[in-house]
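Coordinate inspection notes
Listed below, chain by chain, are the residues.
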Amino acid sequence: MSGGTTPALAATRAALAEVLAPVRSSGGRVAFVPTMGALHDGHAGLVRLAREVVGPDGAVVVSVFVNPLQFDDAADLERYPRTLDADLAVCAREGADVVFAPAVDEVYPGGPPQVTVHPGPLADVLEGASRPGHFAGVLTVVAKLFGLVRPDVAVFGEKDYQQLTLVRRMVADLCLGVEVVGAPTRREADGLAMSSRNRHLDAVEREQAAALHRVLAAAAGAASQGVPAALAAARAELREAHGVDLDYLAVTDVGLADLTATASLDELPTVPLEGRVLVAARVGTTRLIDNLPLVLGTTAADVRTTREGDS
Ligand code: PAF
């Protein structure tokens, strides 16, 4: 399969298996991009990356499925945008071979499953603290979709960094044999992370929402001086921001262990230490999340220079 034409649309497990059979029998690799639809340029980047990873002989499968299991609020599930025709056009443009768009009954034929994935303690913090049960729903559907698509590689966006971390953990802990690739967040010109939720922002909120990236960038810029300095810089930006109702701001290591209470560089396990700064906030009625990588103890440029010097 090589992409570039209209992707096959599979609505059932049987249709998906049929369309992937030739790829499997010819030894092509399958790359999978799970989505809930409402595809934007951020998703387009994931599909492009998936194509690059498996090459022209592989198959790129995009799923479009709004998973009821991961919504704790019925109104949120109800208002989640469903735009299948536009999604198909994005998938065609970006070289996907198959769009798997099943109905809820096809994924959960007997109603909600009795056996689900327990995501462990990492699901109780950050997003999980505000959205109980969310990551159990996410990991359960991702495990099911992995079972149906049987991908060699799966591509997830770094924007949902906690989701990406938990999917990696599930794949490792349950030996699922899927290579998980994280794709950098795509941003609008003012830094706002691309998200299907952005369409709920009115013009004023849209402008206010750009503050989230400034908050993260301030933290990353001050990270060389340690966690307290990074947090102080972020909080200073937050004080300047209008209309941003903060849920959390955290500095963690790359595995999401909280470093917020780390008082000095001496308390870090190593210096420099690669980490993450994460934020969640409500702008109007829309809850937005974002994150950036940071390097604690030295500047990102120093780390890059050292690595380049090493090679
Ligand atoms: O990131 C998403 O869109 C969803 O959480 C996912 C991974 C498709 C599972 O429903």
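Residues numbered from 1 in each chain as written. Predicted model: local features only at pLDDT ≥ 70, side-chain atom pairs only at ≥ 80, totals over all residues. Heavy atoms only, no water.

1. A word on helix H1 (residues 13-25)
Rule in force here: Runs of E in the DSSP output that reach at least two residues are strands. Runs of H or I that reach at least four are helices, and both are numbered from the N terminus. Here the expected length of a helix is defined as 1.5 Å per residue gap, with one fewer gap than residues. To obtain the bend at a residue, axes are fitted to the seven residues ending there and to the seven starting there, and the angle between these axes is taken. Think of it in three bands: residues with accessible area under 20% of the maximum for their type are buried, residues over 50% are exposed, and the middle band is partly exposed, with areas taken using a 1.4 Å probe on protein chains only. Residue contacts follow a heavy-atom distance rule, with two residues in contact if any of their heavy atoms lie within 4.5 Å.
Taking 1.5 Å of rise per residue, 13 residues should cover 18 Å, and H1 covers 18 Å from first to last C-alpha, within 8% of that figure. Residue Val-19 marks the point of greatest curvature in H1, where the axis turns by about 30°; the proline Pro-22 follows within four residues. Those residues of H1 that sit buried are Leu-16, Leu-20 and Val-23. Each element contacted by the buried residues of H1 is listed here: strand E1 (8-10), strand E2 (30-35), strand E3 (59-64), strand E4 (98-100) and helix H7 (134-149). Positive phi appears at Gly-27, one or two residues downstream of H1, with a value of about 80°.

2. A few points about the site of the ligand
Our working definition: Proximity is defined per residue: if any heavy atom of the residue lies within 4 Å of a molecule or strand, that residue is considered near it. Every accessible area reported is derived by Shrake-Rupley at a probe size of 1.4 Å, with residue values counting cover from the shown protein chains alone. As a working rule, the residues Ala, Val, Leu, Ile, Met, Phe, Trp, Tyr, Cys and Pro are called nonpolar, Asp, Glu, Lys and Arg charged, and the rest polar, with Gly in that last group.
For the ligand, the full set of nearby residues is Pro-34, Thr-35, Met-36, Asn-67, Gln-70, Val-141, Phe-156 and Gln-163. In isolation the ligand has 290 Å² of accessible area, and contact with the protein removes 90% of it. Across the shell around the ligand, the residue classes tally to four nonpolar, four polar and no charged.

3. Remarks on the pattern of salt bridges
What counts, and what does not: Whenever a carboxyl oxygen of Asp or Glu lies within 4 Å of a side-chain nitrogen of Lys or Arg, that contact is scored as a salt bridge.
In total, this model carries 15 salt bridges according to the counting rule given. Close ionic contact of Asp-97 with Arg-51 constitutes a salt bridge, the shortest N to O distance being 2.4 Å. Here Asp-97, found in the loop between helix H4 (84-93) and E4, pairs with Arg-51, found in helix H2 (residues 41-54); they are 46 residues apart in sequence, far enough to count as distant. Here Asp-97 and Arg-51 have matching classes, each one buried. Linked by salt bridges that have partners in common, Asp-41, Arg-48, Arg-93 and Glu-94 make up one network.

4. Description of the UniProt feature "binding site: (R)-pantoate" (unreviewed entry) in the protein chain
Under the convention used in this document: UniProt positions are given in the numbering used here, feature names are shortened, and annotations may be inferred rather than shown by experiment. Nitrogen and oxygen atoms within 3.5 Å of one another constitute a polar contact, given that in protein one can donate a hydrogen and the other can accept it, and given that sequence-neighbouring residues count only through two side-chain atoms.
Taking the UniProt record as the reference, the feature "binding site: (R)-pantoate" (unreviewed entry) is found at Gln-70 and Gln-163. For this annotated set, covering 94 residues, all C-alpha atoms fall within 11.5 Å of each other, a compact arrangement in space. As for its position among the elements, Gln-70 is in the loop between E3 and helix H3 (74-79). Apart from the residues lying within four places of it in its own chain, the contact partners of Gln-70 are Met-36, Arg-131, His-134, Gly-137, Val-138 and Val-141. Separated by 2.9 Å, the side chains of Gln-70 and Asn-67 make a polar contact.

5. Description of the pairing of E2
Worth spelling out the cut-off: Here a strand pair is declared whenever DSSP counts at least two bridges between the two strands. The path from the first strand over the helix to the second decides the hand: if it runs clockwise while the strands point away from the viewer, the crossover is right-handed.
Counting buried residues along E2, six of its six residues qualify, which places the element largely inside the surrounding structure. Covered by surrounding structure in E2 are Val-30, Phe-32 and Pro-34 together with Ala-31, Val-33 and Thr-35, the residues of both alternating faces. Of the pairings in the sheet, the one linking E2 to E3 comprises six bridges and is parallel in character. Counterpart to Thr-35 in the pairing with E3 is Val-64. Of the crossover connections in this fold, the one passing from E2 over H2 to the parallel E3 is right-handed. Relative to strand E5 (residues 153-157), E2 runs parallel, the two being bridged by two bridges. Counted as the bridge partner of Phe-32 is Ala-154 from E5.

6. Remarks on the environment of Met-194
One can find Met-194 in the loop between strand E6 (179-183) and helix H9 (203-209). Met-194 gets classed as buried once you look at its relative accessible area, which sits at 11%. For the pair Met-194 and Val-167, spaced 27 residues apart in sequence, the C-alpha to C-alpha distance is 21 Å. Residues contacting Met-194, with those up to four places away along its chain left out, are His-40, Asp-41, Gly-42, Lys-159, Arg-186, Arg-187 and Glu-188.

7. Digging into the packing of aromatic side chains
Short version of the rule: Here the aromatic set is Phe, Tyr and Trp, taking the six-membered ring for Trp, and pairing holds for ring centres within 6.5 Å; pairs whose planes are under 30 degrees apart are stacked, those over 60 apart are edge-to-face, and all others are tilted.
The full count for this structure, using the stated rule, is four aromatic pairs. Considering the side-chain rings of Phe-32 and Phe-146, the 6.2 Å spacing of their centres and the 70° angle between planes classify their relative orientation as edge-to-face. With Phe-32 in strand E2 and Phe-146 in helix H7, this residue pair connects regions lying 114 residues apart in the sequence. Taken together, a centroid distance of 5.8 Å and an interplanar angle of 75° make the contact between Phe-71 and Tyr-80 edge-to-face. Accessibility assignment for this pair places Phe-71 and Tyr-80 in one class, buried.

8. Focus on the sheet that holds E5
What counts, and what does not: Axis geometry follows a simple rule: fit a line to the C-alpha atoms, using only the stretch in contact for helices, then measure angles between N-to-C directions, giving values from 0 to 180 degrees.
With parallel pairing, the six strands of this open sheet are ordered in space as E1-E4-E3-E2-E5-E6. Edge positions in the sheet fall to E1 and E6, since each of these pairs with one other strand and no more. With strand direction ignored, the average angle separating the axes of adjacent strands in the sheet is 25°. Two elements, E5 and E6, share five bridges in a ladder whose sense is parallel. The residue bridging Val-155 from the neighbouring strand is Val-181, located in E6. Along the sheet face, H2 touches E2, E3, E5 and E6 and points at about 170° away from the line of E2.

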